Amino acid sequence: MHFDESVTEFTNEPNAALFCVILIIGTLFIATELRQFRNSKYLGRNARRAIGDFGVPLAICAMVIFDLLVPNVHTAKLDIPDGMTPTAPNKRGWFINPFGIKRFIAGWEIVAAIIPAILVFILMYVEVQFTCVLVNKKERKLKKGSGYHLDLVIVSFMALGCSFFGLPWMCAATVQTISHISSVSVYSRTHAPGEKPKLLQVREQRVTNFFCSLLIGVGVIFAADALRLVPKAVVFGVFLYLGLSSVSGVQFVDRVKLFFRPAKHHYDLSYVRKVRTWKMHAFTGVQLFCLLVLISVKSTDAALSFPFVLLLMVPLRRVLERFYTKEELHELDRDDCDADKSGSDEEELSHEKGSYEETVMPV
């Protein structure tokens, strides 16, 4: 009998998937800890504030350096083009002919395009209006007036202009907007231990938004080589950080947690006191079911019907009015905590000016 004496050599291959998970979790952990460092007892007030404000950039830099120190593991990097060019310069230029590029668009095709245009409009309308509603809550104590219709008109004209040049349609970014509002919010420092800081004011200005957009454009043009070193996993970690920051404190998330708590350990909040427990859980279950349906539709080939499914939430809400009173729906739709009716905000604000604003980063 003859045996093959050749030996197969096995080599250890680096686990890129595990390394990407480490980058995501590391970015989230560093950004969260640096944000909480603002409330620590170390260093001076200005140093803590600077480290807390630049926690996300510091987390990105740390994870990029960590990725460079492990060169044998391949991670997908950001795909940054060289300069300002169209997506496919070999196929088209900057201007898109609305009547067709290779052939003239027929009249019936223009009429048929109205249907997907309506679907896109519904998505953009919901995104813009939903963001505006979250920003202009009474609890945020904004002084400048809202512009629901003006925002929608501006977004519509921007979409029209972007269509002529083949650029992506622009709409309100909910997570980034809420994060920006939180970053320019001023909270009290005279609250009792264990209580949440009270919102005193929001520093309403356009400087931060302008410079953020300006730095994005400058970074893409002049810092493309540096941006190509950033792994996509690090960017996903930043998105996870922003997502957790925005959902923390949302009443729906808190009510989901109440599913797993006995009644004696429920929060002492208005909607817990004024709505029966089983009705509160039923309302949360309906919301959770609708959320799962929307996620399922969006992640499948039926994503084109997402606006229609979204519109079905309106008659569903009308059906819920038959089982809940107006007071109960008001409590279940309101903010996560009772409205602050303290009259000492202005006094605290005058005492706060010139001092360090202390904010709590939710975990």
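Residues numbered from 1 in each chain as written. Predicted model: local features only at pLDDT ≥ 70, side-chain atom pairs only at ≥ 80, totals over all residues. Heavy atoms only, no water.

J.: Can you walk me through the overall build of the protein in this structure?
T.: Scanning the protein from N- to C-terminus turns up 17 helices and two strands. Within the protein, the fraction of its 363 residues that count as buried is 29%. A separation threshold of at least 6 residues defines the contact pool for the protein, and within that pool the share at least 24 residues apart is 71%. Of the accessible surface of the protein, which amounts to about 24800 Å², a share of 67% is contributed by carbon and sulfur atoms. (Helix = DSSP H or I, 4+ residues; strand = E, 2+ residues; numbered from the N terminus. Buried < 20%, exposed > 50% of the residue type's maximum accessible area, 1.4 Å probe, protein only. Contact = heavy atoms within 4.5 Å. Areas by Shrake-Rupley, 256 points an atom, 1.4 Å probe, with all protein chains shown as cover.)

J.: Before we go on, may I ask you to explain the layout of surface pockets in this structure?
T.: It is a probe the size of a water molecule, rolled over the atoms, that shows where empty space is left. The calculated volume of the second largest pocket comes to roughly 400 Å³. Lining the second largest pocket are 14 residues; nearest its centre among them are Ala117, Val120, Ala159, Ser163 and Trp169. Of all the secondary structure elements, the ones that give two or more residues to the lining of the second largest pocket are α5 (114-135) and α6 (148-164). For the lining of the second largest pocket, a count of residues per class yields twelve nonpolar, two polar and no charged. (1 Å grid on protein atoms, 1.4 Å probe; cavity = no way out; pocket = protein on both sides within 12 Å on 5 of 7 lines; lining within 4 Å. Points joined across faces, edges and corners; volume = space filled by probe spheres on them. Nonpolar A, V, L, I, M, F, W, Y, C, P; charged D, E, K, R; others polar.)

J.: Which parts of the structure should I look at to understand the nonpolar core?
T.: Looking at soluble globular proteins, one finds that nonpolar side chains tend to be buried together. Ranked by size, the top nonpolar core spans eleven residues in total: Leu258, Leu269, Tyr271, Val272, Val275, Met280, Phe283, Leu320, Tyr324, Leu329 and Leu332. Elements with a minimum of two residues in this core: α12 (270-274), α13 (277-298) and α16 (326-333). Core analysis: the next-biggest nonpolar cluster, separate from the first, contains nine residues, Met63, Val64, Val230 and Val234 among them. (Core = buried A, V, L, I, M, F, W, Y, C linked by side-chain atoms within 4.5 Å.)

J.: Would you take a moment to explain the packing of aromatic side chains for this structure?
T.: Geometrically, a pair of aromatic rings is defined through the distance of the ring centres and the angle of the planes. Here the structure, examined in full by the defined rule, presents six aromatic pairs. Here Phe283 and Tyr324 contribute two aromatic rings whose centre-to-centre distance is 5.7 Å and whose plane-to-plane angle is 80 degrees, an arrangement assigned as edge-to-face. You can see Phe283 sitting in helix α13 and its partner Tyr324 sitting in the loop between α15 (313-320) and α16, a full 41 residues away along the chain. We note that Phe283, like Tyr324, is buried. Taken together through their ring pairs, the aromatic side chains of Phe95, Phe164 and Phe165 make up a single cluster. (Phe/Tyr/Trp six-rings, centres within 6.5 Å; stacked < 30°, edge-to-face > 60°.)

Everything listed here is a matter of coordinates, which is why it stays silent on function.
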